[in-house]
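Structural characterization, general
Residue-level listing of the chains:
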Amino acid sequence: MNERMTQEKAWKHLFDQWIFGLFGTLFVLMLPISLWTDNLMWGVLYIACTLIPLNMLYVKRYRMRLGFEPELKGLFRRQLVRDGINSVAFFLALNHQFLFTSNVAYVCVTAFISGAMLWTWNVETQTKRQDMAYMHVDKEAI
């Protein structure tokens, strides 16, 4: 139990460092380049490239959790898929005005982002409920 908490905290620390570096690079490097070249497509490319390591962090968290609780494999897999869909929704939310010009595409992107948010809420609630039930059973076994 303590090992799991330690690894979860280490993953969260790594995630926070990555996000801090992401925004630091955005403000120090990408915004000046975008302003200097007068082309915001650099920002779109930057965001797309930064989502790849983010999803790699999500896969690392999935494997870590799977090692501790293999019986919750389906739940963790849904959470991993949800994180990937949220990455796509985040990318579309930030870049829809550059990628889509029609109102229909804008409405579809908005519906996709809303669906991703609702699904995230649902999966997060289920994860917490099942994880707490598993931890409760695990404590009783000790």
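Quick summary incoming for the structure in this document.

1. Comments concerning the overall build of the protein chain
When its secondary structure is counted, the protein chain shows four helices and zero strands. Mapped in sequence order, the helices and strands of the protein chain form the string α-α-α-α. Summarising the internal contacts of the protein chain: among those between residues at least 6 apart in sequence, 68% fall at separations of at least 24. A total accessible area of about 9,600 Å² is found for the protein chain, and carbon and sulfur atoms account for 69% of it.

2. Concerning the environment of alanine 89
With respect to the secondary-structure elements, alanine 89 resides in helix α3 (residues 73-99). On the accessibility criterion, alanine 89 (6% relative accessible area) is buried. Once the C-alpha coordinates of alanine 89 and isoleucine 113 are considered, the two residues, 24 residues apart in sequence, prove to be 5.1 Å apart. Once residues within four sequence positions are removed from consideration, alanine 89 is found in contact with Phe112, Ile113 and Ala116.

3. Things to note about the nonpolar core
If you look at the biggest cluster of nonpolar residues, it comprises 19 residues, and the most contacted ones within it are Trp11, Phe15, Tyr46 and Phe91. Elements with a minimum of two residues in this core: α1 (2-37), α2 (41-68), α3 and α4 (103-141). No other element matches the eight residues that α2 contributes to this core. Other than its neighbours up to four places away in sequence, tryptophan 11 contacts Leu57, Tyr58, Arg61 and Met64.

4. So, the packing of aromatic side chains
Taken as a whole and judged by the stated rule, the model has three aromatic pairs. Between tryptophan 11 and phenylalanine 15, the ring centres sit 5.2 Å apart and the planes meet at 15 degrees, which makes this aromatic pair stacked. With tryptophan 11 and phenylalanine 15 both in helix α1 and four residues apart, this pair spans about one turn of that helix. Neither residue differs from the other here; tryptophan 11 and phenylalanine 15 are each classed as buried. In textbook terms, an aromatic cluster arises when at least three aromatic residues are bridged by ring pairs, as seen for Trp11, Phe15 and Tyr58. The side chain of arginine 61 reaches across the aromatic face of tryptophan 11, ending 4.7 Å from its centre.

What counts and how
Residues numbered from 1 in each chain as written. Predicted model: local features only at pLDDT ≥ 70, side-chain atom pairs only at ≥ 80, totals over all residues. Heavy atoms only, no water. Helix = DSSP H or I, 4+ residues; strand = E, 2+ residues; numbered from the N terminus. Contact = heavy atoms within 4.5 Å. Areas by Shrake-Rupley, 256 points an atom, 1.4 Å probe, with all protein chains shown as cover. Buried < 20%, exposed > 50% of the residue type's maximum accessible area, 1.4 Å probe, protein only. Core = buried A, V, L, I, M, F, W, Y, C linked by side-chain atoms within 4.5 Å. Phe/Tyr/Trp six-rings, centres within 6.5 Å; stacked < 30°, edge-to-face > 60°. Lys NZ or Arg CZ within 6 Å of the ring centre and 35° of its normal.

Fair warning: the whole summary comes from geometry, so function is off the table for now.
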